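Summary of structural features
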Amino acid sequence: MPLLEVKHMTHFFGGLRAVHDFNLSIEKGEIRGLIGPNGAGKTTIFNLITGVYQPTEGEILFNGQSIIGLQTHEIASLGLSRTFQNLRLWRHMSVVEHIKMARYSKITYGLVGAFFDTPQRRREEKEAEEMAYHLMDELAITHLAGQIVTNLPYGAQRRVEMARALATEPDLLFLDEPTAGMNPEELAQMMDIFRQVHKEFGMAIFLIEHRLRVVMELCDRIQTLVFGEVIAEGTPEEIQNNPKVVEAYLGKEDIH
Amino acid sequence: MTYFLQNFVNALQWGSFYALIALGYSMVYGVLLLFNFAHGDIFMVGSYIGFFVATGLVGLSAVGVITLPYWLILVLTILISMILTAFVGMLVERVGYRPLRDAPRASAAITGLMIGVILETLNLIMLGAERYKFPELLQTEIYELGGVSVTNKKIMIVFVSLLLMYLLNLFVMKTKWGMAMRAMAYDFAVVPLMGIPLNTIAALTFGLGSALAAAASILFGTAYPVMDPYMGVTIGWKAFVAAILGGRGSIVGAAVAGFILGFIEIFSASVFPSTYRDLIAYSIILFILVFRPHGLFGQEHTSKLRL
């Protein structure tokens, strides 16, 4: 059984057909890519699957269970996490707080625990702290633990966002243009982090990217989306040599 | 000097009322980016709930069903009213605001005003236009300290207010719900991705704000016992001004600005004829806002896409 299965998903915004007959099947541990020009509907697909929008038609199954109609936090609790194209951090909270927030559902101490610092609170906080430091080590941001995120450089903010998504312990991680706005050096580091994180945690990844280099190097399979429709699907080599993809990105080969 | 200290004490008392109410405006704004314009009327509801709880407990004590000292009745009244009014606040959120979560902000603002009118009118229908008087649970005692007269009520009001603000701060900083509230204030859309139910946190925020308004109304009732259905309007708007002065969404700002407002009002009245009090006080605040449009503790909000 695939981890995530999307069947014949179509979505309209008013009269505009944003996504048409989208199909997807992601296996455990697989890295999938979704490429396409601006406005092709890539982020809309993320929003449809994560419950921000309800698809007009189609089915979405996560671990065999339909997730259409579930609220975003319910879908997240099933093991699906994501990052955003434009950074969505909580500007005046610290790095470590960002990561701890992902433990929300695992925190069981309540008012009494918080007000009187009970052993239960101390134990849970210690666990959260350990997990947070482990993740920060992984992403090489441990030295920034206590910093307020708004003061951090862009590349570090991207890593915080990634750490926060990982802290929910997802089986499937959606990354929306995770290298957007990075310089070549930051990009190379980020690629290493993806590989390392994937190796260590083994979750499946569904990646939206503009930079072909990133998807070509990381992904097992790639879909190309143009005007809400998948025009090509295959391994990186197949996609690279597909004339339709070349056309969508570069225009027709010969113009008469 | 004595004159100054006397006004200082009075300003602390009024500042406590404003601060407790302003906190409700600011918390809700921080989490949901809307001002709950029914908040002043929630203060009124809290006061009436407190009236019935206190009267009930006094009655039960009088007939000997339970014998409670008056100070304990006051404490119980505050606690029970806070809890019941919190439910009223959550009901307002559920019925009035949640269906409009994605509507333009102006619609939500109008909703608040309408809910306010509904609460006032319901009160009139159920209890009539007759004014009620909050039962006297604390006998006034006056202490003279170096020429300044301080009543036990004033001390109690300021002490209870500061205690509640301290507890609120603990709640916001240490519990997972408080942490979720803070996160929502910075970016709403990501919070559910952490498995956090937005609606629960939104309801909780309304509940907390309303509970603080209820506490303020009971404290107010001990000092100014006359109640009427419109008692929340003026004090509610003034606390709203404090919330804006403190900086939209800032909890510390709301508390500090509540006291600042109390000070400006009392000292305006002490220097100028008291009929000029509001004119002078609010001109000063207007002047501050011209120079600090985001309030004293507010941050400039970049526009956020709210999913």
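Residues numbered from 1 in each chain as written. Chains lettered and ligands numbered in written order. Predicted model: local features only at pLDDT ≥ 70, side-chain atom pairs only at ≥ 80, totals over all residues. Heavy atoms only, no water.

**Brief notes about the side chain of A:His198**
All names here are of chain A. The cut-off we apply is this: The numbering of helices and of strands both runs from the N terminus, where a helix is a DSSP run of H or I of at least 4 residues and a strand a run of E of at least 2. Side-chain atoms alone can form a polar contact between residues adjacent in sequence; in general such a contact is a pair of N or O atoms within 3.5 Å, and within protein one must be able to donate a hydrogen while the other accepts it. We call two residues in contact whenever any of their non-hydrogen atoms come within 4.5 Å of each other.
Structurally, the position occupied by His 198 is in helix H7 (residues 184–201). Side-chain polar atoms of His 198 contact the backbone oxygen of Met 203, separated by 3.3 Å. Sequence-distant contacts of His 198, defined by excluding residues within four places in its chain, comprise Gly 29, Ile 31, Met 203 and Ile 205.

**Let's talk about the interface of chain B and chain A**
Condition: As a working definition, buried area equals the accessible area (1.4 Å probe) given up by two parts on being put together, with both sides summed. Salt-bridge detection follows one rule: a side-chain nitrogen of Lys or Arg within 4 Å of a carboxyl oxygen of Asp or Glu. Put simply, Ala, Val, Leu, Ile, Met, Phe, Trp, Tyr, Cys and Pro go in the nonpolar bin, Asp, Glu, Lys and Arg in the charged bin, and everything else, Gly too, in the polar bin.
Residue-level contacts link 29 residues of chain B with 28 residues of chain A. Around 3,000 Å² of area is buried between chain B and chain A when both sides are counted, 67% of it from carbon and sulfur atoms. Between chain B and chain A we count two salt bridges in total. Taking the shortest distance from any N to any O, the salt bridge between A:Glu97 and B:Arg182 comes out at 3.0 Å. In this assembly, chain B and chain A are joined by eight residue pairs in polar contact (both at pLDDT 80 or more). Taken together, the elements giving at least two residues each to the side of chain B that touches chain A come down to helix H5 (152–174), helix H6 (176–186) and helix H7 (198–223) of chain B. With seven residues, H6(B) is the single largest residue contributor to the side of chain B that touches chain A. Residue composition of the side of chain B that touches chain A, by class: 20 nonpolar, four polar and five charged.

**Thoughts on the nonpolar core**
Here is the rule: Only buried residues count toward a nonpolar core. Its members are Ala, Val, Leu, Ile, Met, Phe, Trp, Tyr and Cys residues joined through side-chain atoms within 4.5 Å. Each residue's exposure class comes from its accessible area (1.4 Å probe, protein chains only) as a fraction of the maximum for that residue type: buried when under 20%, exposed when over 50%, partly exposed otherwise.
Formed by 146 residues in total, the largest nonpolar core has its most connected members in A:Trp90, A:Val95, A:Ile99 and A:Met162. Element by element, the count of residues in this core is highest for helix H1 (residues 2–32) of chain B, at 15 residues. Core analysis: the next-biggest nonpolar cluster, separate from the first, contains 26 residues, A:Leu24, A:Leu34, A:Ala40 and A:Phe174 among them.

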